[in-house]
Amino acid sequence: MSALAQERALEDWLAKGLRCIGQIAIECRDDGTFVLAHRDDTGRGDLKLHQEADAAMQLARFDDAENYRPLKTAPNLRHGWKLVLENIDTLRTALDLFYPGRLAAVFAFEKGKLRATPFRATLERQSGMYRVAAQIDDTQANELIANFCRSDGGCLRTILWRRDQIGTVPSTKLPPEKFVSIHDQTGLGAPVIPLLCQEACNLLVAEARRVVQENR
């Protein structure tokens, strides 16, 4: 997907009123500029101003307590900032730094080209130290996915993959809306550009390995 195609898609989503992605609110100004801020910070007048798209990389790196954020779609984006961007190109760049690869995923999903990989298939292709992760049993997987992927404290992505090739739900302990693409996983209920999850991430694979090792 080219950058230009992403920008056109982004313009279309914004025109449809999709002004939030994850924990970020997008303000579209009349002069063609954009302002990003944490959704919790709407209306605050004391936000620290940033004006370069690359600032998103640092803003996304640590939470409010300066702890490193290995999972960029975790619901722990830091507060207290405002990022002013001059055009759609810099907006796209910034959003891709906050949520890497997620704009491309939405675009592919809308085109019917986003392929979801079952959890078991992801585990079975692991090698080296992570090969053991495939030994996780269904009860353990059900519990792990519920804890790791939950929107409240886990991850704000909407899960599109299944647990196995026969279509088993990833976890029976997750609410149905966790698998609905248009649902606002923050729970705020706004129209959103969704954060889609087409495959178990490396961090979830690592957790599966940990579970197997601890239960040997």
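Note: the structure precedes this text.
Residues numbered from 1 in each chain as written. Predicted model: local features only at pLDDT ≥ 70, side-chain atom pairs only at ≥ 80, totals over all residues. Heavy atoms only, no water.

Q: Tell me about the pairing of strand 3 (residues 34-38), and name the residues and values.
A: Of all 5 residues in strand 3, 5 are buried, a share of seventy percent or more. Both strand 2 (residues 24-28) and strand 3 contribute to a ladder of 5 bridges, which runs antiparallel. Note on strand 3: the bridge partner recorded for Glu27 is Val35. Connecting strand 2 to the antiparallel partner strand 3 that follows it, the hairpin turn spans 5 residues, and Gly32 within it adopts a positive phi of roughly 90 degrees. Here strand 3 runs beside strand 5 (residues 81-85); their pairing, made up of 4 bridges, is antiparallel. (Buried < 20%, exposed > 50% of the residue type's maximum accessible area, 1.4 Å probe, protein only. Helix = DSSP H or I, 4+ residues; strand = E, 2+ residues; numbered from the N terminus. Pairing = 2+ DSSP bridges.)

Q: Describe the sheet that holds strand 1 (residues 20-21), and please don't skip the residues or the numbers.
A: Ordered by their spatial adjacency, 5 strands build an open sheet running 1-2-3-5-4, and the pairing between neighbours is mixed. Lying at the two open borders of the sheet, with one neighbouring strand each, are strand 1 and strand 4 (48-50). As defined by bridge partners, strand 1 adjoins strand 2 across 2 bridges and the pair is classed as antiparallel. When the sheet's bridge partners are listed, Cys20 is paired in strand 2 with Ala25.

Q: Lay out empty space enclosed by the protein with the relevant residues and their values.
A: All told, the structure shown has 2 cavities of 30 Å³ or more when counted by the stated rule. The volume enclosed by the largest cavity comes to roughly 90 Å³. Lining the largest cavity we find Leu71, Phe148, Cys149, Cys155, Arg157, Ile159, Trp161, Lys178, Cys197, Ala200, Cys201 and Leu204. Its residues assigned to classes, the lining of the largest cavity shows 10 nonpolar, no polar and 2 charged. Quantified by volume, the second largest cavity comes out at close to 70 Å³. A breakdown of the residues in the lining of the second largest cavity according to their chemical character gives 5 nonpolar, 5 polar and 2 charged. (1 Å grid on protein atoms, 1.4 Å probe; cavity = no way out; pocket = protein on both sides within 12 Å on 5 of 7 lines; lining within 4 Å. Points joined across faces, edges and corners; volume = space filled by probe spheres on them. Nonpolar A, V, L, I, M, F, W, Y, C, P; charged D, E, K, R; others polar.)

Q: Can you break down helix 7 (residues 202-214) residue by residue, with the values?
A: One turn of the α-helix equals 3.6 residues, which is why residues spaced by three or four share an orientation. Taking 1.5 Å of rise per residue, the 13 residues of helix 7 would be expected to cover 18 Å, and the 18 Å separating its terminal C-alpha atoms lies within 8% of that figure. Those residues of helix 7 that fall on the buried side of the exposure criterion are Leu204, Val205, Ala208, Arg209, Val211 and Val212. Projected onto a plane normal to the axis of helix 7, the buried residues spread over an arc of 160 degrees and lie on a single side. Seen from the open side of helix 7, the exposed residues pointing more than 90 degrees away from its buried face are Asn202 and Glu214. (Expected span 1.5 Å × (residues − 1). Arc of directions from axis to C-beta.)

Q: I'd love a proper account of the pattern of salt bridges, names of residues and values included.
A: Should the charged atoms of two oppositely charged side chains come close, the side chains can pair. Taken as a whole, this structure holds 14 salt bridges when the rule is applied. Glu7 serves as the salt-bridge partner of Arg92, at 3.1 Å between the closest nitrogen and oxygen. Of the two residues, Arg92 sits in helix 3 (residues 88-98) while Glu7 sits in helix 1 (residues 3-15), which places them 85 residues apart along the sequence. By relative accessible area, Arg92 is classed as buried at 13%. Using a relative accessible area of 11% as the deciding quantity, one classes Glu7 as buried. The salt bridge partner of Arg210 is Glu214, with a shortest N-O separation of 2.8 Å. (Salt bridge = Lys/Arg side-chain N within 4 Å of Asp/Glu carboxyl O.)

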